[in-house]
Amino acid sequence: MVASEAVPLAKTGGLGDVVGALSRELVCLGHDLRLVLPRYKDSGKLVKDLTESHTLTIPAAPVPIEITIETGTLNDVPLILLRYDPFFDRPGLYGESGRDYPDNLARFALFSRAALEVCRALNWKPDVVHAHDWQAALAVVYLKTLYLSDTWWQSCRALFTIHNLGYQGIFPATEFLLTGLPWSEYTPDRLEFFGQVNLLKGGLVDADMLNTVSPTYAREIQTPDLGYGLAGVLQARKDRLFGIINGIDSEQWNPATDTYLPARYSVKDLAGKRTCKTSLQREMKLPSRKVPLIGVVTRLVSQKGIDLILDILPDLLTLAIQMVLLGSGDPVSEKALTVLQERFPTKFVARLGFDEGLAHRIEAGADLFLMPSLYEPCGLNQLYSLTYGTVPIVRKTGGLADTVSPYRPGAKNDKGTGFVFESPFAEVLYSTILLALQVFRDQPEWQRLMGRGMRQDFSWRHSAREYVKLYEKTVALNQSATDIPPDSFPRGRFRDVGPPSHLSR
Ligand code: ADP
Ligand code: GLC
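Cut-offs and rules
Residues numbered from 1 in each chain as written. Chains lettered and ligands numbered in written order. Predicted model: local features only at pLDDT ≥ 70, side-chain atom pairs only at ≥ 80, totals over all residues. Heavy atoms only, no water. Helix = DSSP H or I, 4+ residues; strand = E, 2+ residues; numbered from the N terminus. Buried < 20%, exposed > 50% of the residue type's maximum accessible area, 1.4 Å probe, protein only. Contact = heavy atoms within 4.5 Å. Areas by Shrake-Rupley, 256 points an atom, 1.4 Å probe, with all protein chains shown as cover. Lys, Arg positive; Asp, Glu negative; His and termini not counted. Charge placed at Lys NZ, Arg CZ, Asp CG, Glu CD. Phe/Tyr/Trp six-rings, centres within 6.5 Å; stacked < 30°, edge-to-face > 60°. Salt bridge = Lys/Arg side-chain N within 4 Å of Asp/Glu carboxyl O. Core = buried A, V, L, I, M, F, W, Y, C linked by side-chain atoms within 4.5 Å. Near = heavy atom within 4 Å. Polar contact = N/O pair within 3.5 Å; in protein donor to acceptor, adjacent residues only side chain to side chain. Nonpolar A, V, L, I, M, F, W, Y, C, P; charged D, E, K, R; others polar. Pairing = 2+ DSSP bridges. Axes fitted to C-alpha atoms, helices over the stretch in contact; angles between N-to-C directions. Parallel < 35°, antiparallel > 145°, perpendicular 65-115°, else oblique.

**Remarks on the overall build of the chain**
For the chain, the count of helices and strands is 17 helices and 19 strands. A total of 505 residues make up the chain; the buried ones form 59% of that total. Nonlocal contacts in the chain, meaning residues at least 24 apart in sequence, comprise 73% of its contacts between residues at least 6 apart. As displayed, the chain has an accessible area near 20100 Å², and 51% of this comes from carbon and sulfur atoms. Separation between the mean location of the 55 positive side-chain charges and that of the 56 negative ones in the chain comes to 5 Å.

Next up, the structure:
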């Protein structure tokens with residue numbers, strides 16, 4: 001399992017949650033896996049049994065680099081940390097103060113190459129290399145190029161998981177030599193993309209099998225709207241592209257056991273949820289009022305619909321509600337939120353930053369959770385909300401469409417678990433919130449709605465089994481992935497689409 005994040009070691013978003021929890025669930029199911037991560041600044045403090053085994057020279061470009069291998073266990077998962085302090089002993093994972101580190105290609109090329117080299121050094125031969133997102137995509141590419149004729153690797157297959165097509169790892173052409181790949185790989189049907197190097201594209205063209213994190217997103221990324229310039233490549237590989245919905249780590253995210261909460265609760269006894277609400281109001285310095293409390297926990301980026309939220313807030317905050325937002329990211333959005341907080345101090349609090357405990361307390365203490373994403377590969381916060389009885393308001397896209405059933409007012413035997421809107425316009429979001437607030441006034445109906453969400457099982461057990469089936473399918477393949485017709489590449493039919501505006505995260 002090759003990834004740049006895994007909880008509790010490293011997390012900037014859902015990737016960390018997914019890699020950490022999926023790995024543990026696979027180990028519980030009896031699979032033999034090694035989780036390979038870069039050794040970041042604080043990793044040493046978080047893994048108790050970390051031991052340094054030996055050094056290894058990685059044939060990096062332009063010169064070989066000596067790294068240290070550290071091994072340990074992370075929540076029962078055998079862990080391998082690849083240590084090279086000049087690259088990874090930094091305050092951020094990918095950048096600082098909203099700016100990417102300028103040497104990200106070199107950092108993740110080294111990581112991806114070392115992830116393969118370390119298997120060889122430990123003589124641990126995987127059936128499947130499972131790589132996640134652009135940061136690990138080169139592991140797949142190396143396997144299918146530099147290591148192709150190496151008999152030690154011959155039986156190994158590659159699964160590549162796309163967590164977010166909006167982040168592709170795009171770098172100037174001049175950096176291509178740092179991949180260590182021959183220039184013959186820098187072509188439109190390989191890693192070249194509108195005159196730049198695209199690492200994610202390498203994973204897409206080379207992996208034996210591909211998946212993303214919901215069935216709806218698997219379809220959406222094959223369209224020009226959400227394909228971010230790679231729809232043609234994904235269409236061409238659609239027979240090898242699957243959607244598996246993320247699960248949640250029920251040890252971390254369970255209102256009955258959550259140690260971040262001031263009180264615990266379950267669908268059978270909701271008293272603790274009321275305590276969580278008053279305690280959250282106190283923590284956020286909001287007056288203790290019996291009004292609906294709306295929660296938001298998000299990266300502040302346009303993907304998450306932050307502009308829609310900012311558009312409606314001045315009107316929304318004139319109503320009898322309170323709202324708590326935890327997020328960090330785009331400085332312009334941060335500033336706008338701060339201004340609104342000053343204007344509505346008894347109704348709105350924006351906490352800027354990353355705070356795991358507060359994220360849990362918002363999920364538990366709020367009545368409603370707002371997630372109006374423009375696109376959402378899967379989304380975890382709506383799953384946490386459903387589990388915590390905090391009714392989600394979501395846009396019908398990607399994993400949100402696959403996990404939240406729309407509440408239909410007046411419908412008999414309604415199966416709805418949340419409020420769902422489709423058109424990405426502020427007025428549509430606003431009227432959906434008004435509908436939710438109206439239903440909130442009918443508390444018996446509201447409790448039924450909450451209960452339906454809380455009784456759903458989003459634990460990893462089911463999704464991990466889906467991954468196992470996909471590994472089995474991948475292992476059964478007897479040919480490498482060379483099934484892409486030449487007219488599928490951005491230089492061809494999709495030349496006019498253009499690359500995404502936001503590149504690496
Ligand atoms: P994404 O990965 O696109 O950010 P997800 O919904 O899949 O979206 O996952 C986001 C994860 O990051 C959740 O676990 C959420 O609680 C967490 N998160 C996001 N922003 C913050 C924050 N500011 N503080 C704490 N946790 C956060
Ligand atoms: C990405 C997506 C998010 C998904 C997460 C984990 O960050 O934006 O929707 O839940 O990855 O797969």
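**Some remarks on the packing of aromatic side chains**
Across all of its chains, the model carries 24 aromatic pairs by this definition. Ring geometry for Y84 and F87: centres 5.0 Å apart, planes at 90°, overall edge-to-face. With a centroid separation of 5.0 Å and an interplanar angle of 45°, the aromatic rings of F176 and W183 are classed as tilted. Joined through ring pairs, the aromatic side chains of Y40, Y84, F87, F88, Y94, F108, F111, W134 and F171 make up one cluster.

**Focus: the pattern of salt bridges**
Scanning the model with the defined rule gives 21 salt bridges in all. We note a salt bridge from R83 to E70, for which the minimum N-O separation is 2.9 Å. Here the residue R83 occupies a position in strand 4 (residues 77-83), and E70 occupies one in strand 3 (residues 65-74), the gap between them amounting to 13 residues. A relative accessible area of 3% means that E70 is categorised as buried. A network of salt bridges, in which partner residues are shared, links R39, E70, R83 and D85.

**Concerning the nonpolar core**
L35, F160, L165, L204, M323 and F348 are the most contacted members of the largest nonpolar core, which totals 171 residues. Element by element, the count of residues in this core is highest for helix 4 (residues 104-121), at 11 residues. With residues up to four places along the chain from it excluded, the contact list for L35 reads M1, A6, V19, S23, L74, V77, P78, L79 and I80.

**Things to note about the environment of Y260**
Considering the arrangement of structural elements, one finds Y260 in the loop between strand 13 (241-243) and helix 9 (271-283). By relative accessible area, which is 34% here, Y260 ends up partly exposed. Along the primary structure Y260 and G195 are separated by 65 residues, whereas in three dimensions their C-alpha atoms are 48 Å apart. Contacts of Y260, omitting those with residues within four sequence positions, involve E356, G357, H360 and R361.

**Details of the site of ligand 1**
Contacts to ligand 1 come from 21 residues, most closely from G14, D17, R299, K304 and G353. At a separation of 2.9 Å, an oxygen atom of ligand 1 approaches a polar side-chain atom of K11. Separating an oxygen atom of ligand 1 from a side-chain N or O atom of N381 is a distance of 3.2 Å. Relative to its free-state accessible area of 560 Å², ligand 1 is covered by the protein chains to the extent of 96%. Residue assignment for the shell around ligand 1 shows that the elements contributing at least two residues are helix 1 (14-28), strand 14 (293-300), strand 15 (322-329) and helix 13 (381-387). Here the element with the most residues in the shell around ligand 1 is strand 14; it accounts for 3 residues. Split into classes, the residues belonging to the shell around ligand 1 amount to 7 nonpolar, 7 polar and 7 charged.

**Examining the environment of L110**
Within the secondary structure, L110 sits in helix 4. Expressed as a C-alpha distance, the spacing of L110 and P38, which sit 72 residues apart in the sequence, is 9.6 Å. When sequence neighbours within four positions are dropped, the list of residues in contact with L110 reads I58, A60, I65, I67, Y84 and F87.

**Observations concerning the pairing of strand 8 (residues 157-162)**
Most of strand 8 is tucked away: 6 of the 6 residues are buried. Here strand 8 shows no split at all, with R157, L159 and T161 on one side and A158, F160 and I162 on the other all buried. Note: strand 7 (residues 128-132) against strand 8, 5 bridges, orientation parallel. If you follow H132 over to strand 8, its bridge partner there is T161. Relative to strand 12 (residues 209-212), strand 8 runs parallel, the two being bridged by 4 bridges. Counterpart to I162 in the pairing with strand 12 is T212.

**Remarks on the pairing of strand 4**
Burial within strand 4 is extensive, with 5 of its 7 residues counted as buried. In terms of strand pairing, strand 1 (residues 35-38) meets strand 4 through 4 bridges, oriented parallel. Counterpart to V36 in the pairing with strand 4 is I80. Of the pairings in the sheet, the one linking strand 3 to strand 4 comprises 7 bridges and is antiparallel in character. Bridge pairing in strand 4 links T73 to P78. Here strand 3 folds back onto strand 4 in antiparallel fashion, the turn holding 2 residues, of which N75 has a positive phi close to 50°.

**As for helix 6 (residues 199-206)**
The buried fraction of helix 6 is high, at 8 of 8 residues. Every buried residue belonging to helix 6 is among L199, L200, K201, G202, G203, L204, V205 and D206, and all of these are buried.

**Details of the sheet that holds strand 17 (residues 368-371)**
With parallel pairing, 6 strands are arranged side by side in an open sheet as 16-15-14-17-18-19. Strands at the two margins of the open sheet, each flanked by one partner only, are strand 16 (348-352) and strand 19 (419-421). Strand-to-strand, the axes of this sheet are offset by a mean angle of 15°, without reference to chain direction. In the packing of helix 11 (residues 331-343) onto the sheet, the strands contacted are strand 14, strand 15 and strand 16, and the crossing angle to strand 16 comes to about 145°. Where helix 16 (residues 443-454) meets the sheet, its contacts fall on strand 17, strand 18 (391-395) and strand 19, and the angle it forms with strand 18 comes to roughly 70°.

**A closer look at the packing of helix 1 against helix 17 (residues 460-476)**
As a packed pair, helix 1 and helix 17 sit with axes 9 Å apart at the nearest point and diverge in direction by 75°. As the angle between them shows, helix 1 and helix 17 are arranged roughly perpendicular. Between helix 1 and helix 17, the contacting residues are V18, A21, L22, E25 and L26 on the first element and W460, R461, A464, Y467, V468 and Y471 on the second.

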